[in-house]
Amino acid sequence: MAKLILSMDGLVLKEIALTKERTTIGRKPHNDIQIDNLAISGEHAAIVTILTDSFLEDLNSTNGTYVNGQPVKKHFLKDNDVVELGKYRLKFVSDVVGAAATDYEKAPPIDVSQGLPATGGAPLPRSPTDTQVGMRPSTQYTTTAADGPLQSVGVVKILSGGNAGKSLDLSKTLTTLGKPGVQVAVITRRPQGYFLTHVEGAQFPIVNGRMIDAQAHPLADHDLIELAGVKMEFFLKP
C-alpha cells in the first residue's frame, strides 16, 4: 500500500497510508490530511488512488502545489516524489517495486471527443502531433485466479459529439477517459465489476442524470454516463 510521509524542516511528523480512493489535503478539518497552516488553502490538493496508481491534483490553491520543486496542476506520482505545500513536505512511497509507471502528464487519457479505438480493433491512426489524444497504458496490471472470476467485457458507446456511434472495449484493468484540463475519470475493471472514479476537474461525472461523488461508483449494464460534455452508454458484452 502506498503512503505519504509528512515532514517539516526535516522532521518527520507522521505517515499516512493511502487507503482511500480520494485523499484530500488542506487546512480545513474535514480534509483527510489536515495541515493547520495559513500557507495551506482550505482545500489545497487531492490524491486519487486507483489500484496501484496515484494521481495528485492541485485544487486551485492560493500558493500552489509543487512536486520535486516544480509547480504542478496534476501529476502522476512516482516512488520518492516529494510534494511541497508551503514549508511542509509529503514524500510519496509506492508499494510497487519495479513497475513500469508511465507519466500521467506525458500520456493523457482518451479524449472522448476525439478519435477512439474501434471496438475489438486497433486504435485509429493519429498524426505525430496529436499527442493530447491517447490512452494511458496499464500493462503493469494483471488479474490472477486469486482475484476471482472476471465478468463479461464492458463497452463504452459514444452517444453524442463527433464520435457518436463509436465504441471502446474496456478490456484493460484501467481505462482513463475525458478531456485533460477539463474533466478526467477512470473506469477500472475488477472481479466485482466495473467502477467509475473521478480523477480531475471541478465537475464530477454524471451517471443516469445524477452526479457521482468522490468514491468509486459501480457501473451497471446500460448506465448512461456524461463526461467532459460527451454522453455515452456503458454495457456488458453478452
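Nothing here was measured: the structure is a model prediction, and the numbers come from that model.

Pairing is antiparallel in the open sheet, where six strands are placed in the order β13-β12-β21-β20-β17-β18. The open sheet has two edge strands with one neighbour each: β13 (167-170) and β18 (210-211). One ladder, built from two bridges, connects strand β17 (residues 206-207) with β18; its direction is antiparallel. Bridging from a neighbouring strand, Val 207 pairs with Arg 210 of β18.

Turning next to the environment of Val 93. Looking at where Val 93 falls in the secondary structure, it is placed in strand β11 (residues 88-93). Separated by 15 residues in the primary sequence, Val 93 and Lys 78 place their C-alpha atoms 7.9 Å from one another. Ignoring anything within four residues of it in the chain, the contact list for Val 93 reads Ala 2, Lys 3, Ile 5 and Asp 79.

Now for unusual backbone geometry. Within the chain, Asn 208 stands out as a residue other than glycine whose phi angle is a positive 55 degrees. Residue Asn 208 is classed as partly exposed on the basis of its relative accessible area, which comes to 44%. Unusually for a residue other than glycine, His 222 sits at a positive phi of about 70 degrees.

With that settled, the discussion passes to the pattern of salt bridges. Applying the stated criterion across every chain, the model contains six salt bridges. Note that Lys 73 is salt-bridged to Asp 58, the shortest N-O span being 3.4 Å. Of this pair, Lys 73 sits in the loop between β8 (70-72) and β9 (74-76) while Asp 58 sits in strand β6 (residues 53-58), placing them 15 residues apart in sequence. A relative accessible area of 52% means that Lys 73 is categorised as exposed. Two residues, Lys 237 and Asp 169, come together in a salt bridge whose shortest N-O distance is 3.0 Å. With Lys 237 in the segment after β21 (230-236) and Asp 169 in strand β13, this pair connects stretches of sequence that are 68 residues apart.

Here we come to the confidence of the model for the protein. Averaged over the protein, the pLDDT score is 79; the fraction of residues at 70 or greater is 77%. Below a pLDDT of 50 lies the segment residues 98-107, which in the model reaches 21 contacts outside its immediate sequence neighbourhood of four places, other chains included. Here residues 118-148 is a poorly scored stretch, pLDDT under 50, and it has 55 contacts once near neighbours within four places are set aside; other chains count.

So, about the nonpolar core. Formed by 21 residues in total, the largest nonpolar core has its most connected members in Ile 187, Leu 196, Ile 225 and Met 232. Secondary structure elements with two or more residues in this core: β12 (154-158), β13, β15 (183-190), β16 (193-200), β20 (223-227) and β21. Among the elements that line this core, the one with the most residues is β21, at three residues. Excluding residues within four positions of it along the chain, Ile 187 makes contact with Val 156, Leu 170, Thr 173, Leu 174, Thr 175, Leu 177, Tyr 194, Phe 195, Leu 196 and Leu 219. If you look at the next biggest cluster of nonpolar residues, it comprises 20 residues, including Leu 6, Leu 56, Val 83 and Tyr 88.

Take the pairing of strand β10 (residues 82-85) next. For strand β7 (residues 65-67) and β10, the ladder comprises two bridges, and the chain directions are antiparallel. Paired with Val 67 across the two strands is Val 83, which belongs to β10. Two elements, β10 and β11, share four bridges in a ladder whose sense is antiparallel. Each bridged residue has a counterpart across the sheet, and for Val 82 the counterpart in β11 is Lys 91. Hairpin connection between β10 and β11: a loop of two residues separates the two successive antiparallel strands, and Gly 86 in this loop has a positive phi of roughly 60 degrees.

About the cut-offs
- Residues numbered from 1 in each chain as written.
- Predicted model: local features only at pLDDT ≥ 70, side-chain atom pairs only at ≥ 80, totals over all residues.
- Heavy atoms only, no water.
- Pairing = 2+ DSSP bridges.
- Helix = DSSP H or I, 4+ residues; strand = E, 2+ residues; numbered from the N terminus.
- Contact = heavy atoms within 4.5 Å.
- Buried < 20%, exposed > 50% of the residue type's maximum accessible area, 1.4 Å probe, protein only.
- Salt bridge = Lys/Arg side-chain N within 4 Å of Asp/Glu carboxyl O.
- pLDDT = per-residue confidence, 0-100.
- Core = buried A, V, L, I, M, F, W, Y, C linked by side-chain atoms within 4.5 Å.

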